[in-house]
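# Coordinate analysis (summary)
Spelled out, the chains give:
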Amino acid sequence: MNEFWSTTILNYFIALGVVLGGTLLGGIGAFFGNEPPMYAMMKLSEQLKIWALVAALGGTFDTIKSFEVHLLGGHLHQVLQQLVFIVSAFFGAHVGTILIRWLIQGDW
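Residues numbered from 1 in each chain as written. Predicted model: local features only at pLDDT ≥ 70, side-chain atom pairs only at ≥ 80, totals over all residues. Heavy atoms only, no water.

An unreviewed UniProt entry lists the chain under the name Sporulation protein YtrH, from Desmospora activa DSM 45169.

Take a look at the structure:
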C-alpha cells in the first residue's frame, strides 16, 4: 500500500510540474518571439493539461490496457487504483492551471 500512495503523490506532482514548467518556459519563449507572454501562458496552461496527464501516467496506452485487463479479469481493486492514479494526475494538472491563472490574473 505504501507504493500505491507514493505513486499517487508522484503522479500529482509530475502533472503539476509539467503544467507549471511548460507554461513558464513557454511564456519566456513567447516573450522572445515577440508575442504577448501572458496570453501565451494562459493558452499553454490549458493545452498542456492533457500532456501532463500523459507524462504523469507514463503513457496512456499502458494505463488503458491495464485498466481493461483488470476490469475484464475481475480485479476491481486494481481498477480502482488505476482510477486514483488518473484522478491524481488530473488534479495535479488542474492545480497547475489554477496557479498560472492566479499568477496572471490574480483571481481563482
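### Points about the pattern of salt bridges
Between side chains of opposite charge, pairing is possible as soon as their charged atoms come close. If you walk through the whole model with that rule in mind, you get one salt bridge. When the shortest N-O distance is used, the salt bridge between E46 and R101 registers 3.5 Å. Linking E46 in helix α2 (residues 37-57) with R101 in helix α4 (residues 76-105), this pair joins segments that are 55 residues apart in sequence. (Salt bridge = Lys/Arg side-chain N within 4 Å of Asp/Glu carboxyl O. Helix = DSSP H or I, 4+ residues; strand = E, 2+ residues; numbered from the N terminus.)

### Focus: the UniProt feature "transmembrane region" (unreviewed entry) in the chain
In this structure's numbering, the residues bearing the UniProt feature "transmembrane region" (unreviewed entry) are residues 12-33 and 83-104. Between the first and last C-alpha atoms of residues 12-33 the distance is 31 Å; the span itself is 95% helix and 0% strand. End C-alpha atoms of residues 83-104 are separated by 32 Å, and the span's content is 100% helix alongside 0% strand. (UniProt positions renumbered as here; feature names shortened; annotations may be inferred.)

### Observations regarding the environment of G17
Here G17 shows up in helix α1 (residues 2-32). Each C-alpha atom of the pair G17 and A56 lies 9.5 Å from the other, and the pair is 39 residues apart in sequence.

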